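Examination of the molecular architecture
One letter stands for each residue in the lines below.
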Amino acid sequence: MTRGNTTHGKRQAAVSVLAPGDFGAGGGADGDLRALFGQSSAVFASLAGPAHMVETANDAFFAALGGGERGRVGVPLGQLMPGPTGQRFIALLDRVYRSGKPHTERDDRVLLGQGHTAREAYFDYTCEPRLDAGGNVMGVLVIGVETTQVKHAQRLTAEHRALLEQIARQAPLPEVLEGMARVIEDLAPEEVLVSVLLADADGRHLRHGTAPSLPDFYNQAIDGIATGEGVGSCGTAAHRRQRVIVGDIATDPFWDDFRDLADRAGVAACWSTPILARDGSLLGTFAMYHRVPRVPQEADLALAGVFADTAALAIERHQAEQARQRAEAREEAARDDLAFLLETSTALTSDLDAGQTLQRLAASCVPRLAPLCAVDIVEGGRVRRVATAAPTLAQRELLASHIPVYDAADDAVARVLASGTSEVARRTPTGPGPWHDLDVTGYLCVPLTVRGSAFGTVTLLSTGEHTFDGHTVALAEELARRAASAAHNARQYTHRATLARDLQAGLLLPDLPAVPGADVATYYHPAGEGLDIGGDFYDVFPLDYGRWAFMLGDVCGRGAIAATTTALVRHTARAVASFLPGPQDVVKAINRALSNRPDSHGTGFVTLVYGQLTPTPEGLDIALVRAGHTLPLHLDTEHNAHPVEARGSLLGISPDPDVTLRRLRLLPHESLLLYTDGITEARDAKGEQFGERRLADALTSAMHRPGAQDVIDALTQAVRSFTGGHDIDDDQAVLVLTATEPRHAFSRGRTI
């Protein structure tokens, strides 16, 4: 037995086979030792003299030296252990023999045998001097026990712990499996080549996992083999969910289809163990290949079982991590989709222009959903392309130039409009189009639907390798649903706003009349978006004998009911003013009309300033009545603003309103200002009202001898500066009458 340096060969565990041994006659201590170690797996040898002649030894000792002819007694130990390593052990025996002192080694690594048969082993042993009756050293007694299996078990435990730590810290599965394979190949008592195959999700095929020592061509050939009876060792083990042992590939029918492949790879035996999950489902197979025919020992099966379980743990942990990552990816994708839909929905509803809405829809789809996009709508029984999006201007123009045919059976847009369902294909759309020039390879056409009726389509076009999956289809359909609603709302808004503007224009003067001796200007600004008809109104119309009537008022409420009330007030005034003697009578006639109106036409009150003016050489003579309205203001030539006091109650409340006639004269360059409470109640960002004081200050700051329009400009500029451009909460209306020089040409005002 010789100590040696580390070898790069395969490490082997020594397994001593007990056999009867006859150590010869003898008595005393030597006889007791022979009786104790004769059939033991412990190593025992009794050496005599300075040449260390082998007097007696057990079978384990000779087996450690190689057995056979080496197991001879009566021969110097140096002849049984030739070479430098043997000489080193002989030198140790010499030292014990000469000194008479015993020597002990623990876990001593030694090389047993020579050449390709050499193996690594570990021993605990003691060399003790043999003494005669006189106390003289007569030889050396060697007693030891092989600890190779214990050492390998310790290393196996350490390596196994390291693999478990890798699994716990979620090391990549290929790294764990390859590390496991190399550990087994390193620790196995004989040369072994390890392979791990991984099962598909359906358990019907096995894929390459790791096999660091098998040839690449072999790994590639068995990658993807089916599971089934007679499909080699691994395919059969996976099918049976049981271990399959093939000791000789050359004769086993399981390997009929793979025998030549195995022969080229240089493998002659294969033991395969299924890797099963905790629920019994197949995860893969763990295989141990050998270069020579061989059947496993109990230790081999235990080793395979341990590492098959370890592989199962690693694979399950890997699958759980992959499932978690897929779930996180789906969650992240869902968040991205939601963010995309929210962002796009915000863009689609950012204004109330249907054309802009559909253009934003096309822009949102490219490139998120497809390389190209076109939006078509039906108008007047024909299809009109209203929006396109593409990476380049040339592509956009080319796409915009193609108009689908509404009633063509071979046109995808026509079919989707007719069916109201999406259509997707991995080919160019049917029917004519610039598909070749745009490199179109597929399309997705989604209807724009409102109340079950398709009024348009969104067509997404693939180019190159781009394709539409189910996720894209679902996202496009949801986006189209939102866009259809936004476009419909924008259309409704446009129609409603147009109607409101038309009605409002009908209730206001399209052009101010030319009033002799007077400069007349008006201002009107509706609150909000102008979707409802405002309650503010004004009018100027001629009477008999060179007189003119004017009015400005405010109807309680907004919308159609307010519009009917406004029309009633204006038309009543125009109808009766020429036949009644004065403004009080006209106002009372208006009140009677309001009191007699049907409830369906409104029941709200009205505030009003109604007056009549007569041009004179000195200016304008004015007679007016105020019925619950804001006080008119008289702006004199000194730029002073004076409220025109006139008592009067609201109209439409009682059958006999209390109103008082007020007369005044406007000298040249003096003005009379009528306004609604939307001016004085305009608020700034802090909520403070503009008020009457700021109104007076604005009038007095006007230019010297201002015209009617100059007065309005000064007032409206002051209101805008005060509110900071914020939307107003109430309608605003202003009427300004300015006396001109006698026979001075008047100017026309403007309506805003």
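Residues numbered from 1 in each chain as written. Predicted model: local features only at pLDDT ≥ 70, side-chain atom pairs only at ≥ 80, totals over all residues. Heavy atoms only, no water.

1. Considerations on the packing of aromatic side chains
Within the structure shown, the criterion is met by 6 aromatic pairs. Considering the side-chain rings of Phe61 and Phe62, the 5.8 Å spacing of their centres and the 75° angle between planes classify their relative orientation as edge-to-face. The exposure class assigned to Phe61 is buried, which follows from its relative accessible area of 4%. In this structure Phe62 comes out as buried when scored by relative accessible area, which is 10%. An angle of 65° between the planes, with centres 5.6 Å apart, marks the rings of Phe690 and Phe722 as edge-to-face. You can see Phe690 sitting in the loop between helix H17 (677–680) and helix H18 (691–700) and its partner Phe722 sitting in helix H19 (residues 708–723), a full 32 residues away along the chain. You can call Phe722 buried: its relative accessible area is 15%. The structure contains a cluster of three or more aromatic residues connected by ring pairs, namely Tyr218, Trp255, Phe258 and Tyr289. Of note, Arg368 hangs over the ring of Phe340, and the distance from its end group to the ring centre comes to 4.6 Å. (Phe/Tyr/Trp six-rings, centres within 6.5 Å; stacked < 30°, edge-to-face > 60°. Buried < 20%, exposed > 50% of the residue type's maximum accessible area, 1.4 Å probe, protein only. Helix = DSSP H or I, 4+ residues; strand = E, 2+ residues; numbered from the N terminus. Lys NZ or Arg CZ within 6 Å of the ring centre and 35° of its normal.)

2. Some details on the nonpolar core
Counting 32 residues, the largest nonpolar core has Leu361, Cys373, Val375, Leu448 and Leu460 as its most contacted members. Among the secondary structure elements, those contributing two or more residues to this core are helix H10 (298–348), helix H11 (354–365), strand S13 (372–379), strand S14 (382–389), strand S16 (440–450), strand S17 (453–463) and helix H14 (470–507). If you tally residues by element for this core, the top one is H14, at 9 residues. Apart from the residues within four sequence positions on either side, Val375 is in contact with Leu358, Leu361, Ala362, Arg384, Arg385, Val386, Ala387, Leu448, Thr457 and Val458. In terms of nonpolar packing, the next biggest core, distinct from the first, is built from 31 residues, Val192, Val194, Trp271 and Ala314 among them. (Core = buried A, V, L, I, M, F, W, Y, C linked by side-chain atoms within 4.5 Å. Contact = heavy atoms within 4.5 Å.)

3. Side note on empty space enclosed by the protein
Applying the stated rule across the entire model yields 5 cavities of 30 Å³ or more. Contributing to the lining of the largest cavity are 17 residues, with His402, Val413, Pro429, Trp435 and Thr459 lying nearest its centre. Among the secondary structure elements, those contributing two or more residues to the lining of the largest cavity are helix H13 (412–419), S16 and S17. Taken together, the residues of the lining of the largest cavity break down into 11 nonpolar, 4 polar and 2 charged. Each pocket or cavity is described by its volume, and for the second largest cavity that value is around 70 Å³. Around the second largest cavity, the lining residues are Leu197, Tyr218, Ile222, Ile225, Val231, Gly232, Ser233, Cys234, Trp255, Phe258 and Tyr289. Contributions of two or more residues to the lining of the second largest cavity are made by helix H7 (216–222) and helix H8 (232–240). Looking at the lining of the second largest cavity element by element, the count peaks at 3 residues for H8. Taken together, the residues of the lining of the second largest cavity sort by class into 9 nonpolar, 2 polar and no charged. (1 Å grid on protein atoms, 1.4 Å probe; cavity = no way out; pocket = protein on both sides within 12 Å on 5 of 7 lines; lining within 4 Å. Points joined across faces, edges and corners; volume = space filled by probe spheres on them. Nonpolar A, V, L, I, M, F, W, Y, C, P; charged D, E, K, R; others polar.)

4. A few points about helix H16 (residues 583–595)
Between the first and last C-alpha of H16 there are 18 Å, a value that for 13 residues agrees with the 18 Å anticipated at 1.5 Å per step. Those residues of H16 that fall on the buried side of the exposure criterion are Pro583, Val586, Val587, Ala589, Ile590, Asn591, Ala593 and Leu594. (Expected span 1.5 Å × (residues − 1).)

5. Concerning the sheet that holds strand S18 (residues 518–525)
Strand order in the open sheet made by the 5 strands is S18-S27-S26-S23-S24, with antiparallel pairing throughout. Bordering the open sheet on either side are S18 and strand S24 (641–643), each of which pairs with just one other strand. For this sheet, the mean angle separating the axes of adjacent strands, direction not counted, is 20°. Bridge count between strand S23 (residues 633–635) and S24: 3 bridges; the pairing is antiparallel. Residue Leu635 lies in a different strand from S24, and its bridge partner there is Ala641. Where H19 meets the sheet, its contacts fall on S18, S23, strand S26 (671–675) and strand S27 (732–739), and the angle it forms with S18 comes to roughly 25°. (Pairing = 2+ DSSP bridges. Axes fitted to C-alpha atoms, helices over the stretch in contact; angles between N-to-C directions.)

6. Brief notes about the sheet that holds strand S20 (residues 548–555)
Here 5 strands make up an open sheet; going across it, the order is S19-S20-S21-S22-S25 and the pairing antiparallel. The two strands at the open ends of the sheet, each matched to only one other strand, are strand S19 (536–542) and strand S25 (661–666). Each adjacent strand pair in this sheet contributes to an overall mean axis angle of 20°, direction not counted. Summarising the sheet, strand S21 (residues 606–616) and strand S22 (residues 619–627) pair through 8 bridges and their orientation is antiparallel. Bridge assignment links Pro615 to a residue of S22, and that residue is Leu620. Against the sheet, H16 engages S21, S22 and S25, with an angle of about 150° to S21.

7. So, a nonpolar patch on the surface
A surface patch of nonpolar side chains, amounting to about 240 Å² of accessible area, comprises Phe605, Leu650 and Ile653. Tracing the backbone shows Leu650 in the loop between S24 and S25. By relative accessible area, Leu650 is classed as partly exposed at 30%. (Patch = residues over 30% accessible without salt bridge, like charges linked within 9 Å, V, L, I, M, F, W, Y side chains within 5 Å. Areas by Shrake-Rupley, 256 points an atom, 1.4 Å probe, with all protein chains shown as cover. Salt bridge = Lys/Arg side-chain N within 4 Å of Asp/Glu carboxyl O.)

8. A short note on the pattern of salt bridges
Throughout the structure, instances matching the rule amount to 25 salt bridges. Arg240 serves as the salt-bridge partner of Glu229, at 2.5 Å between the closest nitrogen and oxygen. Taken as a pair, Glu229 in the loop between strand S9 (225–226) and H8 and Arg240 in helix H8 lie far apart in primary sequence, 11 residues in all. Salt bridges sharing partners connect three or more residues here, namely Glu321, Arg324 and Glu328.

9. Points about the pairing of S26
Within S26, 5 of the 5 residues are buried, leaving the element largely enclosed by the surrounding structure. On S26, burial covers both faces: Ser671, Leu673 and Tyr675 on one face and Leu672 and Leu674 on the other are all buried.

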